[in-house]
Amino acid sequence: MAFAIPLWSQPAVPVVGGDPFPVRRIYCVGRNYAAHAREMGADPDREPPFFFMKPADAIVADGATIPYPPKTANLHHEIELVVAIGAGGGTGGRDIPIDRALDHVFGYAVGLDMTRRDLQAAAKKEGKPWDMGKGFDQSAPCSAIRTVADIGHPAKGAVTLQVNGEPRQKGDLSDLIWSVAETISYLSGFVELQPGDLIYTGTPEGVGPVVAGDVLTGAVEGVGTLTLTIA
């Protein structure tokens, strides 16, 4: 098929021991750890999850160096477990029952939800969308995916982030307010999930600012590590 303009490259994430995983959409869960909800001034009670999105080409590979983004003076890190959706279950990707949700998972990775916090805060205050605070260029660093066949479905394990070797964030997958299966099931009631979708599952407490020259090292126990340098 011919196109009116040159076709761009398909965003993708490496897969440990396999071919790259093409990225279709990136969904992010907001405030999925109680302690992080409190530090952001929100009620940590188990209200229904909410979601925001990042563009697929916001993906950044492990080990990359990215520029400090424009229009912000308060760039924050948020370390997260990432879920990669693949074909599975034989039921399609809409209204997925909780007990079938994990059948749709291809694998897991470590991600950073980079956030222009000042832009997000201003948008919140004015009741406007968060898009420019969350969905900007190079805002979705992601490690290589490890498949379910390799590591299973991690339900507990430390989620950590260091900046220049100093601890910043620490939580545990067991502290997720909404589990991976519950998140997939709930989200699939709003949109039809498809192979190639990524879900960033939320961040533990300890989010904070980074500046040019900082080196971020994140990890999810049993899944992998992710390193990012701010130029």
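Being a predicted model, the structure only gives us computed values, none of them experimental.

What follows covers the environment of Phe106. Its place among the elements puts Phe106 in strand E9 (residues 105-112). Each C-alpha atom, one on Phe106 and one on Ala149, is 8.5 Å from the other, the two residues being 43 residues apart in sequence. Excluding its chain neighbours within four sequence positions, the residues that come into contact with Phe106 are Val15, Phe21, Ala84, Ile85, Gly86, Ile145, Thr147 and Val148.

The element strand E3 (residues 26-30) is extensively covered by neighbouring structure, given that five of its five residues are classed as buried. A two-sided burial pattern is seen for E3, the buried positions comprising Ile26, Cys28 and Gly30 on one face and Tyr27 and Val29 on the other. In the sheet, E3 pairs with strand E4 (residues 50-54) via five bridges, with the strands oriented antiparallel. Bridge pairing in E4 places Ile26 opposite Lys54. The pairing of E3 with strand E15 (residues 198-200) spans three bridges and is classified as parallel. Bridging from a neighbouring strand, Tyr27 pairs with Ile199 of E15.

Reading the values: rules and limits
Residues numbered from 1 in each chain as written. Predicted model: local features only at pLDDT ≥ 70, side-chain atom pairs only at ≥ 80, totals over all residues. Heavy atoms only, no water. Helix = DSSP H or I, 4+ residues; strand = E, 2+ residues; numbered from the N terminus. Contact = heavy atoms within 4.5 Å. Buried < 20%, exposed > 50% of the residue type's maximum accessible area, 1.4 Å probe, protein only. Pairing = 2+ DSSP bridges.

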